[in-house]
Amino acid sequence: MIREVYSTRTLEGCRLLVAEDADEAASLAASIVEATLSEAASPVLGVATGATPLLTYEMLVRRGLSSHDLRLVLLDEYIGLAPNDERGFAATIQRQLASPLGISPDRVHAPPVSRTLTSARCEGFEREVRILDGVDLQILGIGQNGHIAFNEPGSAFDSRTRAVLLSPLTKQNNCSMFGGSDDVPERACTQGIGTILEARRLLLLATGAQKAAILARALFGSIDPAVPASAIRLHPDVVVVADTEAARLLPATA
Ligand code: GLP
């Protein structure tokens, strides 16, 4: 059963949907993706990596999301991995979503990752996305420290695509594909918060008890760069889909 929790002033512009469990959240998220993209002339889906959106991607593949003309834009990518490294986000999205949907790599757009990343290359990526007429729907996860993409706490709300250093917690949380957190690359290239906020609609997914505290802070705490995900409340069209566990610390009636 989905509970729709409409917002008070704090959550203006933001629909909060609470699903029973992660499966139901994924099913709901997949429906939102389908509905949003079906209205777009040349659909562009912004994709996040991490464990959270995986079930949603599986659902989209199972339902046979129409991929005619669909383009995917990645939020971030590690710096320093070989181009075809399976642990990279581009390879991950290719495996989890693009290949099963029949989307060729040239229709998947990822931030640049050369070790000597220049601002011109980062601006080039942003231009590439603008030429696609921007992102129709951006899927977001939330890090346990409130990061979105790889915008760590303290990232400016008007930040753009750039190289960043990953925090020890983020490296720890992303080490499953690596031997240990020491083997996770130190740096990544990420869309900035300002870049992300330009997507026409945002869909933030949060599942599991480990996301409960940060989700409550992001949605009901102050809108502050200390919690990068709180920036989504500045966007006029946001849907947050959480499962009961992640929603556990949210006010009972928002
Ligand atoms: C990574 C990604 C984020 C993602 C976050 C949460 O750091 N760069 O885009 O949202 O992890 O991941 P998970 O869904 O595995 O908790």
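Residues numbered from 1 in each chain as written. Predicted model: local features only at pLDDT ≥ 70, side-chain atom pairs only at ≥ 80, totals over all residues. Heavy atoms only, no water.

**Student:** Could you give an account of the sheet that holds strand S5 (residues 76-78), with specific residues and numbers?
**Tutor:** Ordered by their spatial adjacency, three strands build an open sheet running S5-S9-S8, and the pairing between neighbours is antiparallel. The sheet is open, and its two borders are formed by S5 and strand S8 (162-165), each paired with just one other strand. Neighbour-to-neighbour, the strand axes of the sheet open up by a mean angle of 30°, direction not taken into account. Two strands pair when backbone bridges link them, and S8 and strand S9 (residues 187-190) are joined in this way by four bridges, in the antiparallel orientation. (Pairing = 2+ DSSP bridges. Helix = DSSP H or I, 4+ residues; strand = E, 2+ residues; numbered from the N terminus. Axes fitted to C-alpha atoms, helices over the stretch in contact; angles between N-to-C directions.)

**Student:** How would you sum up helix H7 (residues 212-220)? Please name residues and give values.
**Tutor:** Restricting attention to buried positions, one finds in H7 the residues Ala-212, Ile-214, Leu-215, Ala-216, Ala-218 and Leu-219. In this structure, the buried side of H7 is in contact with strand S2 (14-19), strand S10 (201-206) and strand S11 (238-243). (Buried < 20%, exposed > 50% of the residue type's maximum accessible area, 1.4 Å probe, protein only. Contact = heavy atoms within 4.5 Å.)

**Student:** Describe the layout of surface pockets, listing the residues and the values that go with them.
**Tutor:** In this approach the atoms are scanned with a rolling probe the size of a water molecule, which exposes any empty space left behind. Of the pockets and cavities examined, the largest pocket occupies roughly 710 Å³. If you go around the largest pocket, you meet 34 residues; those closest to its centre are Thr-49, Gly-50, Ala-51, Asn-173 and Asn-174. Elements with a contribution of two residues or more to the lining of the largest pocket: S5, helix H3 (89-101) and helix H5 (168-173). Looking at side-chain class alone, the lining of the largest pocket contains 14 nonpolar, 16 polar and four charged residues. Its boundaries defined by the atoms lining it, the second largest pocket holds a volume of some 370 Å³. If you trace the second largest pocket, you find 19 residues lining it, with Glu-77, Pro-83, Ala-90, Ala-110 and Val-113 closest to the centre. For the lining of the second largest pocket, the secondary structure elements donating two or more residues are S5 and H3. Examining the composition of the lining of the second largest pocket, we find that three residues originate from one element, H3, more than from any other. When the residues that make up the lining of the second largest pocket are grouped by side-chain class, the tally is twelve nonpolar, three polar and four charged. (1 Å grid on protein atoms, 1.4 Å probe; cavity = no way out; pocket = protein on both sides within 12 Å on 5 of 7 lines; lining within 4 Å. Points joined across faces, edges and corners; volume = space filled by probe spheres on them. Nonpolar A, V, L, I, M, F, W, Y, C, P; charged D, E, K, R; others polar.)

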